[in-house]
Structures are given as structure tokens and as C-alpha cells.
Amino acid sequence: MSTDVTLSRQLLRRKPLSSFPADPEAGGLRRTMGTFQLTMIGIGATVGTGIFFTLNSAVPKAGPAVIVSFVIGAITAALTALCYAELASSVPVAGSSYSYAYATLGELAAVVVGACLLLEYAVSGATIAVGWGQYLNDLTERLLGFHLPAAISAPPGHGGYVNLPGAVLILLCCLLLIRGTRESVLINTVMVLFKLGILLLFVVVGATGFDSGNLHPFAPMGMAGVGAAASTVFYSYIGLDAVSTAGEEVRDPRRTLPRAIVLALLTITTIYVLVALVGVGAQPWTAFEGQEAGLSAILEKVTGSTWPGLLFSVGAVISIVSVILVVLYGQSRILYSMSRDGILPPVFHRVDPRSGTPMRSTLLVGACVALLAAVVPLDDLVDLTSMGTLVAFAVASAGVIILRRREPDLERGFKVPGYPVVPLLSVAFCAYLVYQLPLNTYLLFGGWLALALGLYLLYGRRHARLAATPHEKGK
């Protein structure tokens, strides 16, 4: 047998559904979550990322039509959410779209998707931690009358040497995660409820300053601007993927996962569109560019008082922590799944018997993301999060069609309505948003994939568990 044939079989071998763990608790993970807690994970990973920060970068691209950009993102996410719901109810395991790709498209596709997920979680976590420092500075200015020195609160290229607050935040979240999933989920739930309350405050108070004149011109950059903004804001929808990373830590996953995904999407979409509408109606769209702690500043302008902005900054500082918490959680579970399959070294799937968490994996994730937040200028990397998310979403959507054909009798707790139109539309919307991304994003993404594939060829393809099984041929 030639080397080329052997390599092609390795790249295309699929993980049989029967080999996914029926009882993950045997390996250390514990089923502790229900629908409500899992929905809070989805909301916690998304609401905050897109609204607290993205308006400042998306509005200058689209103007008031950023509302349409969020709607486009919501439609794409809704189509994909339905696909995720079916896959999650069919293959309720940790690893999210990495595991789905392994079962439907093969090992090479799974490695690519796994690389995309690791990239999106790492970059988004670091970006959010950097942005969190803006609200921390806003809060210290309001309460104590001073800013943290730029030298220790901003990365190189942004007036500083190290972003210490962001790095400390990530490491604290990491320590909380290794204490146990139950404790982390409880704290996340409290912070998400507080966050939703703060955003509803913004909608109610901000609406009092709504001026329809601020919506004109509605789309100063045309549809090109709307599309570019939609690609930028789409990274804020990664919470849907974070829900499915918990497949082995929820009770009755075939029912719980689809419900949580749909409930999280409905809540996220409502909040995003309302806050975007009130935000662009409360001040001219040209005022968003370069504005720090933007929503807090809008409330202060509308009311002419400092208390709403102060309250909002307190809420932002506290509630954005939930985003970091879930991003780190999701990334550690992706590493756990890839390591368990032999694609990565075994250190990443070792579970601490006391806490029931992959402690070493979580610590490594926290250290890497903290380093990114501390010293790397992330402006050019933000769109990579959207790229990674969109590729993972497209693969998951295609996986629905493939799994329906290959496993028509598989037990499914949820089925995509309008099949196969909905999965095909999801792939098409993802492709449209990918097309809108700038050239440098493609180049950076290509470099990341080249690195991931290099590591796979050197290690993963020989150590993969499927390499030692009769399923080597992907049959």
C-alpha cells in the first residue's frame, strides 16, 4: 500500500458514533447542569462581547445600519443554531463542532475545525479582557478620580507595555474554573442575570434620548458597509458554540442542549437589536469611533447625570467576567476532546478527581490567553474570531446533511425544520460573511491553519486513537 493512500485514509477516517463516550463520568466529567444553567452559559459567552465593545468598531463601518448588520448576524446564527441543536441532540458530547466534524467529515476536517475553535476562543477571550480594562478605567475615574497608568493597563502599540488588569482577570477566572464546574456555573448565572438587568437599564434610560434624526443617513457606507460590519460583529455569537462544548456535563443532553441553544439565541438576538437601536438613536453615528466605554458614555449624555454611567460601568466590570469565564471553559473542553481522541498529547484530557475538571488543560488555556491579553496588540486579530466561528458554523451545518444521509435511523432529540433548506442557507450565510472579511484576515488565518496542520502531521495522525482501530479507513 502506498504512502499516499495511507495518508489519505488517515485524513478521511471518521470517528464512529459508537465510540463516543456513553458515560463521560467514567472519565471524570460530571453531569451537573440543566437547561437554565446551560442557557446562562450561552448568554454569558455572547451578551457583552458584541454589545459592550463591538458598536464602537462596527458603527463607523455601517452607520445606523449596524442594526441591519446585527440582524444579518442573527439570521446566520439562527440558521446555524438549528443545525447545532440537531447535532447536539444526536452527538451529545464535549467538543462541539470539532466532534461533529470528526463524526461526519473525517479527521482532517475535525483538526481544521478544532484549530478554528481554539483560535476563536483564545483571541476573543484576550480581546474581551483588553476591552474590560476600558470599563475598569472608567469606573476608577468615576469613583476615585484616576485612571490606571497606561504602562500597565494597555498592550504595546496602544500606549503601554503590558495590560495587567486583563491578564489578572483571565487568571482569576481560570482559578475559578478549576475549582469545579458546578461552582463556576452558579457564579456565571448570577453575573449573567445582573448583566441582563444592566442592559435593560440601558435600553430603558437610553430610549429617553432617542432621536430619529440620528438614524439619517441610515446606511452612509451602503450595503458594503453593512456587510463589513456584520462580519465584524458576528464573533459575538460564539456563545452558541460554547453551549455545545458542555455536551458531557449536562443532564438529559438530547433534550437539554437543543433547548438551551434556542433559548440563548432568542435572548441574545433580542438584546443585541434593542441595544444597537437605542445606541445609534441616542447619539450621532460619527461619535462612536474611538469612544471608550461607549454605552456608559451614552447614558451620561442622555441623562446629564453621572449615576447611570457609574452604575453601568459597575455592571460592565462585573458582568463581562462571565464572558471570559465561559470562553475559557469552552476552550479547555475543546482541548479535552482533541486530547482524548489522541490528536493532542494526553495531558489535556486528564481530569482532576477532586474537582472533576481538566485542571492542567484549563491552566494552560488561562496562561496562553492571559499572555495574549497582556502583550499582544489585538486590533488585526479580532476578525480572526469571526473567521474561525464562521468556518466552524458552516462545517456544523454541512454535518447535519451528511449525518442525515449516513445515519438516517440515529436517535435525534431535535430535527432541523425545513431540512435541507435551512442547513444550506446556513452555509450560504456563513460564506457571505467570510467573503466580507479583509485580506489580512485570510492571510493570518491561513498561517494559523498551516501551523495546526503541521502539528497534526507530526503528532496527531500517528497518535490518534482511530489509528489503532479497524476504523482506520473511515468506514
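Residues numbered from 1 in each chain as written. Predicted model: local features only at pLDDT ≥ 70, side-chain atom pairs only at ≥ 80, totals over all residues. Heavy atoms only, no water.

1. Here's the deal with the overall build of the protein
From N to C terminus, the protein includes 18 helices and 0 strands. Burial analysis of the protein (475 residues in total) assigns 59% to the buried set. Counting contacts in the protein only where the partners sit at least 6 residues apart, residues at least 24 apart contribute 83% of the total. Accessible surface for the protein amounts to roughly 17800 Å². Of this, 67% is attributable to carbon and sulfur atoms. (Helix = DSSP H or I, 4+ residues; strand = E, 2+ residues; numbered from the N terminus. Buried < 20%, exposed > 50% of the residue type's maximum accessible area, 1.4 Å probe, protein only. Contact = heavy atoms within 4.5 Å. Areas by Shrake-Rupley, 256 points an atom, 1.4 Å probe, with all protein chains shown as cover.)

2. Description of the packing of aromatic side chains
By the definition in use, this model includes 4 aromatic pairs. The interplanar angle of 65 degrees and the centroid separation of 6.0 Å between the aromatic rings of Tyr84 and Tyr100 together place this pair among those described as edge-to-face. With a gap of 16 residues between them, Tyr84 in helix α4 (residues 66-90) and Tyr100 in helix α5 (residues 97-104) connect regions that are remote in the sequence. Note on accessibility: Tyr84 and Tyr100 belong to one class, buried. Seen in terms of ring centroids, Tyr84 and Phe393 are 5.4 Å apart; in terms of plane orientation they differ by 70 degrees. Their pairing is edge-to-face. Of this pair, Tyr84 sits in helix α4 while Phe393 sits in helix α16 (residues 382-406), placing them 309 residues apart in sequence. (Phe/Tyr/Trp six-rings, centres within 6.5 Å; stacked < 30°, edge-to-face > 60°.)

3. Points about α5
Every α-helix winds through 3.6 residues per turn, so residues three or four apart in the chain are directed the same way. Counting buried positions along α5 gives 8 out of 8 residues, so the element sits mostly inside the fold. All of the buried residues along α5 are Ser97, Tyr98, Ser99, Tyr100, Ala101, Tyr102, Ala103 and Thr104. Just beyond α5, the residue with positive phi is Gly106, at close to 115 degrees.

4. Here we look at helix α17 (residues 421-435)
The first and last C-alpha atoms of α17 sit 21 Å apart over 15 residues, in line with the 21 Å expected at 1.5 Å per residue. Regarding α17, the residues found buried are Val422, Pro423, Ser426, Cys430, Leu433 and Val434. Looking straight down α17, one finds that the buried residues subtend no more than 115 degrees of arc, so they occupy a single side. When the buried face of α17 is taken as reference, the exposed residues oriented beyond 90 degrees from it are Leu424 and Tyr435. The elements touched by buried residues of α17 are α4, α10 (222-233), α16 and α18 (439-463). (Expected span 1.5 Å × (residues − 1). Arc of directions from axis to C-beta.)

5. With respect to the environment of Leu325
You can see Leu325 is positioned in helix α14 (residues 307-340). Residue Leu325 is classed as buried on the basis of its relative accessible area, which comes to 3%. Along the backbone, Leu325 and Cys173 are 152 residues apart, and their C-alpha atoms lie at a distance of 5.5 Å. Beyond its immediate sequence surroundings of up to four residues, Leu325 is in contact with Cys173, Leu176, Leu177, Ser184, Asn188 and Met191.

6. Brief notes about the nonpolar core
Residues Leu38, Phe70, Leu295 and Leu328 are the most contacted members of the largest nonpolar core, which totals 140 residues. Among the elements that line this core, the one with the most residues is helix α6 (residues 107-144), at 18 residues. Look past the residues within four positions of Leu328 in its chain and what remains in contact with it is Ile170, Cys173, Cys174, Leu177, Val365, Gly366 and Val369. (Core = buried A, V, L, I, M, F, W, Y, C linked by side-chain atoms within 4.5 Å.)

7. Things to note about the pattern of salt bridges
Here the structure, examined in full by the defined rule, presents 3 salt bridges. Residue Glu107 pairs with Arg13 through a salt bridge whose shortest N-O separation is 2.8 Å. Residue Glu107 is found in helix α6, and its partner Arg13 is found in the loop between α1 (3-12) and α2 (35-46); the two are separated by 94 residues along the sequence. Assigned by exposure class, Glu107 and Arg13 land together as buried. Measuring nitrogen to oxygen at the nearest pair gives 2.8 Å for the salt bridge that ties Glu86 to Arg404. In this pair, Glu86 is assigned in helix α4 and Arg404 in helix α16, connecting sequence segments 318 residues apart. Just as Glu86 is buried, Arg404 falls in that class too. Counted as one network, the salt bridges with shared partners bring together Glu86, Arg404 and Arg412. (Salt bridge = Lys/Arg side-chain N within 4 Å of Asp/Glu carboxyl O.)

8. Some remarks on the confidence of the model for the protein
In low-pLDDT regions, the fine details of the predicted coordinates are not to be read closely. In the predicted model, the protein carries a mean pLDDT of 81, and the fraction of residues at 70 or more is 88%. Across the protein, the secondary-structure element scoring lowest on mean pLDDT is α1, at 68, and the one scoring highest is α17, at 91. (pLDDT = per-residue confidence, 0-100.)

9. As for the packing of α16 against α18
As a packed pair, α16 and α18 sit with axes 9 Å apart at the nearest point and diverge in direction by 65 degrees. Put simply, α16 runs roughly perpendicular to α18. In terms of crossing hand, the pair formed by α16 and α18 is right-handed. Across the interface between the two elements, Asp383, Leu384, Met387, Gly388 and Val391 from α16 touch Thr441, Tyr442, Leu444 and Phe445 from α18. Here the contact of α16 with α18 is composed, by residue class, of 6 nonpolar, 2 polar and 1 charged. (Axes fitted to C-alpha atoms, helices over the stretch in contact; angles between N-to-C directions. Parallel < 35°, antiparallel > 145°, perpendicular 65-115°, else oblique. Left-handed = near helix turned anticlockwise from the far one by under 90°. Nonpolar A, V, L, I, M, F, W, Y, C, P; charged D, E, K, R; others polar.)

10. Overview of the side chain of Arg13
Arg13 gets classed as buried once you look at its relative accessible area, which sits at 0%. A polar contact is formed between the side chain of Arg13 and the side chain of Glu107, at a distance of 2.8 Å. A polar contact is formed between the side chain of Arg13 and the backbone oxygen of Arg461, at a distance of 2.7 Å. (Polar contact = N/O pair within 3.5 Å; in protein donor to acceptor, adjacent residues only side chain to side chain.)

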